[in-house]
Amino acid sequence: MQQGWVRIIAGYWRGRRLKVPDIKDLRPTPDRVRETLFNWLSPVISGARCLDLFAGSGVLGFEALSRGASYVEMVDQSAEVVNLLQNELAQFGADNANIYRAAVPDQLRPVEKKFDIVFLDPPYDAKLLLPCCHYLEEKEYLSQSAYIYLEARENIKDNDLPANWRLLKSKKAGQVHYYLVIREVS
């Protein structure tokens, strides 16, 4: 049973649609927010290695690929979501992505090559956003000057994040706060 569709806004797959499964707490990032996010990332998206945690509809990962990311890894804990994303990936004919099932952050696969961009948009009630930020930093998943997208219901401040992370940009759309953070090497 499908709840609906989201479309890719720009790039190689502009206008293509992705199915959105009817799963509790799955809320695809709205077009307006994605447009702002990818405008923020436009100087660094080409050739980037991206990690999309809590992938859901996969729209952030597919949008990144569409806009020139060299590789995207998508992770979700739902078997239904993972199967759907793997089918979508096959239909798109992309071979520069990997999708797998895991409870984040505990079951994340060890990093082979560090990520330049991370999309972090967990279910709000799960209270996983800040623990995932610290996990990614402690386990060295990130390149030296990685960019991290955060989406939350509450306001986030620099001192909530790992010490070497700095908020670059923030906006609010309805009840959603969203941020672009940079990891700075000390």
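Residues numbered from 1 in each chain as written. Predicted model: local features only at pLDDT ≥ 70, side-chain atom pairs only at ≥ 80, totals over all residues. Heavy atoms only, no water.

(A) Examining the packing of aromatic side chains more closely. Tallied over the entire structure, the rule returns 8 aromatic pairs. Measuring from ring centre to ring centre gives 6.2 Å for Trp13 and Phe62, while their planes differ by 55 degrees; the resulting arrangement is tilted. Remark: Phe62 occurs in helix 2 (residues 59-66) and Trp13 occurs in the loop between strand 1 (2-7) and strand 2 (17-21); sequence separation between them is 49 residues. By way of ring pairs, the aromatic residues Tyr12, Trp13, Phe62 and Phe92 are connected into one cluster. The residue whose ring lies beneath Arg17 is Trp5, and the NZ or CZ to ring-centre distance is 4.2 Å. One cation-aromatic arrangement involves Arg109 over Tyr100; the distance from NZ or CZ to the ring centre is 3.8 Å. (Phe/Tyr/Trp six-rings, centres within 6.5 Å; stacked < 30°, edge-to-face > 60°. Helix = DSSP H or I, 4+ residues; strand = E, 2+ residues; numbered from the N terminus. Lys NZ or Arg CZ within 6 Å of the ring centre and 35° of its normal.)

(B) Local environment of the environment of Ile117. Assignment of secondary structure puts Ile117 in strand 6 (residues 115-120). The exposure class of Ile117 is buried, given its relative accessible area of 1%. With residues up to four places along the chain from it excluded, the contact list for Ile117 reads Leu41, Val44, Ile45, Ala48, Arg49, Cys50, Leu51 and Tyr147. (Buried < 20%, exposed > 50% of the residue type's maximum accessible area, 1.4 Å probe, protein only. Contact = heavy atoms within 4.5 Å.)

(C) Structural context of the confidence of the model for the protein. The predicted model of the protein averages 92 in pLDDT, with 98% of residues at 70 or higher. Confidence, read as mean pLDDT per element, is least for strand 1 in the protein (75) and greatest for strand 6 (98). (pLDDT = per-residue confidence, 0-100.)

(D) Molecular detail of the pairing of strand 8 (residues 165-173). Pairing between strand 8 and strand 9 (residues 176-183): 8 bridges, direction antiparallel. Note on strand 9: the bridge partner recorded for Leu167 is Val181. Hairpin remark: strand 8 followed by strand 9, antiparallel, with 2 residues in the connecting loop; positive phi at Gly174, about 65 degrees. (Pairing = 2+ DSSP bridges.)

(E) Structural detail: the pattern of salt bridges. Counted according to the given criterion, the structure contains 7 salt bridges. Taking the shortest distance from any N to any O, the salt bridge between Glu63 and Arg34 comes out at 3.1 Å. Residue Glu63 is located in helix 2, and its partner Arg34 is located in helix 1 (residues 31-41); the two are separated by 29 residues in the primary sequence. Arg34 sits in the buried class, given a relative accessible area of 0%. Note that Arg153 and Asp125 form a salt bridge whose closest N and O atoms lie 2.4 Å from each other. Placement of Arg153 in the loop between strand 7 (142-152) and strand 8 and of Asp125 in the loop between strand 6 and helix 4 (129-138) is noted, with a sequence separation of 28 residues between them. (Salt bridge = Lys/Arg side-chain N within 4 Å of Asp/Glu carboxyl O.)

(F) Examining the nonpolar core more closely. Judged by nonpolar contacts, the single largest core of 39 residues is most densely connected at Cys50, Phe62 and Phe119. Among all residues touching Phe62, those that are not within four sequence positions of it are Ile8, Trp13, Leu18, Met74, Leu85, Glu88, Leu89 and Phe92. (Core = buried A, V, L, I, M, F, W, Y, C linked by side-chain atoms within 4.5 Å.)

(G) Inspection of the sheet that holds strand 9 at higher detail. Pairing within the open sheet is mixed, and its 7 strands lie in the order 5-4-3-6-7-9-8. Only two strands of the sheet have a single partner each, and these edge strands are strand 5 (97-101) and strand 8. For this sheet the average axis-to-axis angle between neighbouring strands, irrespective of direction, equals 15 degrees. Here 6 bridges tie strand 7 to strand 9, and the two strands are oriented antiparallel to one another. Looking at the pairing, Tyr147 lines up with Ile182 of strand 9. Of the strands in this sheet, strand 3 (49-53), strand 6, strand 7, strand 8 and strand 9 are in contact with helix 4, which crosses strand 7 at around 175 degrees. (Axes fitted to C-alpha atoms, helices over the stretch in contact; angles between N-to-C directions.)

(H) Region of the structure containing the packing of helix 1 against helix 2. Two elements in contact, helix 1 and helix 2, have axes separated by 12 Å at closest approach and are oriented at 45 degrees. As far as their axial angle goes, helix 2 and helix 1 are oblique. You can see that helix 1 and helix 2 cross each other, and the crossing is right-handed. Contacts between helix 1 and helix 2 involve Arg34, Leu37 and Phe38 from the former and Val59, Leu60, Glu63 and Ala64 from the latter. (Parallel < 35°, antiparallel > 145°, perpendicular 65-115°, else oblique. Left-handed = near helix turned anticlockwise from the far one by under 90°.)

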